[in-house]
Amino acid sequence: MNDPIQKILWNITNPDVRKAFRAVDRARFVPDKLQNEAWFDLPLPIGDEATISQPSLVAKMTEWLDPGPNQRVLEIGTGSGYQTAILAEIVEEVYTVEFSAQLSRTAKERLDALGVKDVHYRCGDGAEGWSAHAPYERILSTVAFPEKPDRLLEQLGPAGGIALIPVGPPGETQFVTRYRRQEDELTEETLLPVRFLSLR
Ligand code: SAH
């Protein structure tokens, strides 16, 4: 009953996602003075105007992404690197883009120290994606896009590809949107109202 991770995972059935949550300790991604709150189901400040997302939302979004062992994933908004580490537990390679040089560097140092492998870091504007390594089987953003993320969707391929992106105006409610690449069309579904940091 006192297992906070169990509470966070109450509606998560994907065994890989459940296992990844057990393998990655969120406390390692939270500032020293917030250690007591590390497993509260809340977003927490991580410096440079960013926050680590609420763990139940990280879990749900990871499950919706439907990640698998042979995939290469593009992640936008490295932040603390927590979501990056969860993805790296499940997929083959993670390509993660962060706007803040400080956050990108700290996340790399942290994940290197934790022995998290197969992660590639880039400091830059995530709205552009990372075309050099495209196409990706999966794309996940933890920063909100003001409108349909066309540049990212160009990098999503081939048939079966899934992108999960919060879309909506800064400071207002956004919607986690799931795009799926079918044979010759891109479908779009709205899944959940959220408030994420917006692209800077
Ligand atoms: N997934 C992170 C939380 C990310 S919060 C974690 O698990 O800790 C959103 C992040 O997006 C912030 O770190 C912010 O600096 C970053 N960001 C904001 N604008 C961006 C942009 N244009 N390109 C890439 N990252 C951006």
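Refer to the structure presented above.
First, a word on what this report is: a plain description of the structure on this page. Quick caveat, the model's predicted, so the values are computed rather than measured.

### Examining the site of the ligand
Working step 1: What surrounds the ligand is a group of 23 residues, the closest being Ser 80, Glu 98, Asp 125, Gly 126 and Arg 200.
Working step 2: When the ligand is considered free in solution it has 580 Å² of accessible area, and contact with the protein chains removes 99% of it.
Working step 3: Here the ligand is seated within the largest pocket.
Working step 4: The set of elements that each furnish at least two residues to the shell around the ligand consists of strand E2 (50–52), helix H4 (82–90) and strand E4 (93–98).
Working step 5: A total of three residues in the shell around the ligand trace back to one element, the largest contributor, which is E2.

### Looking at the pattern of salt bridges
Working step 1: This structure, assessed with the given rule, holds seven salt bridges.
Working step 2: Between Glu 154 and Arg 151 there is a salt bridge; the shortest N-O distance is 2.8 Å. Pair noted here: Glu 154 and Arg 151 are both in helix H6 (residues 150–154), with a separation of three residues, about one helical turn.
Working step 3: The class of Glu 154 is exposed, set by a relative accessible area of 54%.
Working step 4: By relative accessible area, which is 33% here, Arg 151 ends up partly exposed.
Working step 5: Connected through salt bridges with shared partners, the residues Glu 128, Arg 151 and Glu 154 form a single ionic network.

### Overview of the side chain of Ser 53
Working step 1: Following the sequence through the fold, Ser 53 ends up in the loop between E2 and helix H3 (55–65).
Working step 2: The exposure class of Ser 53 is buried, given its relative accessible area of 17%.
Working step 3: Excluding anything up to four places from it in sequence, Ser 53 contacts Arg 26, Leu 42, Pro 43, Val 58, Thr 142 and Phe 196.

### Some words on the pairing of strand E6 (residues 138–141)
Working step 1: Covered by surrounding structure in E6 are Arg 138 and Leu 140 together with Ile 139 and Ser 141, the residues of both alternating faces.
Working step 2: Pairing of strand E3 (residues 72–76) with E6, which is carried by four bridges, proceeds in the parallel orientation. Considered in E6, the bridge of Val 73 is made with Arg 138.
Working step 3: Judged from the three bridges that link them, E6 and strand E7 (residues 162–167) form a sheet pairing that is parallel. Residue Leu 140 lies in a different strand from E7, and its bridge partner there is Leu 164.

### Concerning the environment of Ser 198
Working step 1: Tracing the backbone shows Ser 198 in the segment after strand E9 (186–194).
Working step 2: Sequence-distant contacts of Ser 198, defined by excluding residues within four places in its chain, comprise Val 143, Ala 144, Pro 170, Gly 171 and Gln 174.

### What about the packing of helix H2 (residues 15–23) against H4?
A pair of packed helices is captured by two measures, namely the crossing angle of their axes and the spacing between those axes.
Working step 1: Between H2 and H4, the shortest axis-to-axis distance is 9 Å and the interhelical angle comes to 125°. Accordingly, the angle class assigned to the pair H2 and H4 is oblique. Considering only the axes of H2 and H4, their crossing is right-handed. Contacts between H2 and H4 involve Asp 16, Val 17, Ala 20, Phe 21 and Ala 23 on the former and, on the latter, Tyr 82, Ile 86, Glu 89 and Ile 90.
Working step 2: For the contact of H2 with H4, the class distribution of residues is seven nonpolar, no polar and two charged.

### Digging into the pairing of E7
Working step 1: Counting buried residues along E7, six of its six residues qualify, which places the element largely inside the surrounding structure.
Working step 2: Here E7 shows two buried faces, one formed by Ile 162, Leu 164 and Pro 166 and the other by Ala 163, Ile 165 and Val 167.
Working step 3: Note that E7 and strand E8 (residues 174–181) share six bridges and pair antiparallel. Pairing of Pro 166 across the sheet is with Val 176, part of E8.
Working step 4: The hairpin formed by E7 and E8 contains six residues between the paired strands, and Gly 168 there has a positive phi angle of roughly 160°.

### Notes on the sheet that holds E4
Paired through backbone hydrogen bonds, the strands of a sheet run either parallel or antiparallel to each other.
Working step 1: The strand order across the open sheet built from seven strands is E5-E4-E3-E6-E7-E8-E9, with neighbouring strands paired in mixed fashion. Strands at the two margins of the open sheet, each flanked by one partner only, are strand E5 (119–123) and E9. Neighbour-to-neighbour, the strand axes of the sheet open up by a mean angle of 20°, direction not taken into account.
Working step 2: Docked against the sheet, helix H5 (residues 101–113) engages E4 and E5, running at close to 165° with respect to E5.

How each quantity is defined
- Residues numbered from 1 in each chain as written.
- Predicted model: local features only at pLDDT ≥ 70, side-chain atom pairs only at ≥ 80, totals over all residues.
- Heavy atoms only, no water.
- Near = heavy atom within 4 Å.
- Areas by Shrake-Rupley, 256 points an atom, 1.4 Å probe, with all protein chains shown as cover.
- 1 Å grid on protein atoms, 1.4 Å probe; cavity = no way out; pocket = protein on both sides within 12 Å on 5 of 7 lines; lining within 4 Å.
- Sits in = over half its atoms within 2 Å of the grid points.
- Helix = DSSP H or I, 4+ residues; strand = E, 2+ residues; numbered from the N terminus.
- Salt bridge = Lys/Arg side-chain N within 4 Å of Asp/Glu carboxyl O.
- Buried < 20%, exposed > 50% of the residue type's maximum accessible area, 1.4 Å probe, protein only.
- Contact = heavy atoms within 4.5 Å.
- Pairing = 2+ DSSP bridges.
- Axes fitted to C-alpha atoms, helices over the stretch in contact; angles between N-to-C directions.
- Parallel < 35°, antiparallel > 145°, perpendicular 65-115°, else oblique.
- Left-handed = near helix turned anticlockwise from the far one by under 90°.
- Nonpolar A, V, L, I, M, F, W, Y, C, P; charged D, E, K, R; others polar.

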